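Coordinate inspection notes
Okay, here's what each chain looks like letter by letter:
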Amino acid sequence: MQTTFVVTILTGAPLVAIFSILFDLQTWSARAEFAVRIGAIVWFVTAIGVFIYAKRVRGLTPA
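Within each chain, residues carry numbers counting from 1 in the order of the written sequence. Restriction of local features to residues with pLDDT of at least 70 applies here, the model being predicted, together with a cutoff of 80 or more for giving and counting side-chain atom pairs; totals for whole chains, interfaces and linings are based on all residues. Side-chain measures here rest on the full set of heavy atoms in the structure, leaving out hydrogens and waters.

Points about helix H2 (residues 28–57)
To keep it simple, the criterion reads: Numbering of helices and strands runs from the N terminus, with a helix taken as a DSSP run of H or I at least four residues long and a strand as a DSSP run of E at least two residues long. To estimate the expected span of a helix, count its residues, drop one, and scale the result by 1.5 Å. Accessible area is worked out with a 1.4 Å probe on protein chains only. A residue is then buried under 20% of its type maximum, exposed over 50%, and partly exposed in between. Residue contacts are defined here by distance: any two heavy atoms, one from each residue, within 4.5 Å place the two residues in contact.
The first and last C-alpha atoms of H2 sit 42 Å apart over 30 residues, in line with the 44 Å expected at 1.5 Å per residue. Taken as a whole, H2 has its buried residues at Phe34, Ile38, Val42, Thr46 and Ala54. Of the surrounding elements, those touching the buried residues of H2 are helix H1 (2–21).

Printed below as a string of structure tokens:
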């Protein structure tokens, strides 16, 4: 879980900053909603990646 959090922050923050240039975000609520949407996608992709990594490298088996 810590790995997922750290990787999400390290990849998500720059992605939100880069993608926010492409959109017109005039209000703070629009900016917050945008950051949450992009962050959710990054979190999901990161979680899947960490799970696959743990399953292959660490021998994680489902209960």
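Description of the side chain of Thr46
Position of Thr46 among the secondary structure elements: in helix H2. The class for Thr46 is buried, based on a relative accessible area of 11%.

As for the nonpolar core
The criterion, for reference: Think of a nonpolar core as a cluster: buried Ala, Val, Leu, Ile, Met, Phe, Trp, Tyr and Cys residues, connected wherever their side-chain atoms sit within 4.5 Å.
Val16, Leu25, Phe34, Ile38 and Val42 together form the largest nonpolar core, which totals five residues. Apart from residues lying up to four places away in sequence, Leu25 is in contact with Ser20, Ala30, Arg31 and Phe34.

Thoughts on a nonpolar patch on the surface
Quick reminder of the rule: In this scheme, patches are assembled from residues that exceed 30% relative accessible area and form no salt bridge. Like charges are connected within 9 Å, while nonpolar side chains (Val, Leu, Ile, Met, Phe, Trp, Tyr) are connected within 5 Å. All accessibility values rest on the Shrake-Rupley procedure with a 1.4 Å probe; residue burial counts only the protein chains present in the view. The rule for a salt bridge is simple: a side-chain nitrogen of Lys or Arg has to be within 4 Å of a carboxyl oxygen of Asp or Glu.
A grouping of Leu15, Ile18, Phe19, Ile21, Leu22 and Phe23 is seen on the molecular surface, where their side chains present a nonpolar patch of about 630 Å² in accessible area. Within the element layout of this structure, Phe19 appears in helix H1. Since its relative accessible area comes to 34%, Phe19 is described here as partly exposed.

Read these as layout, nothing more, since geometry by itself doesn't imply function.
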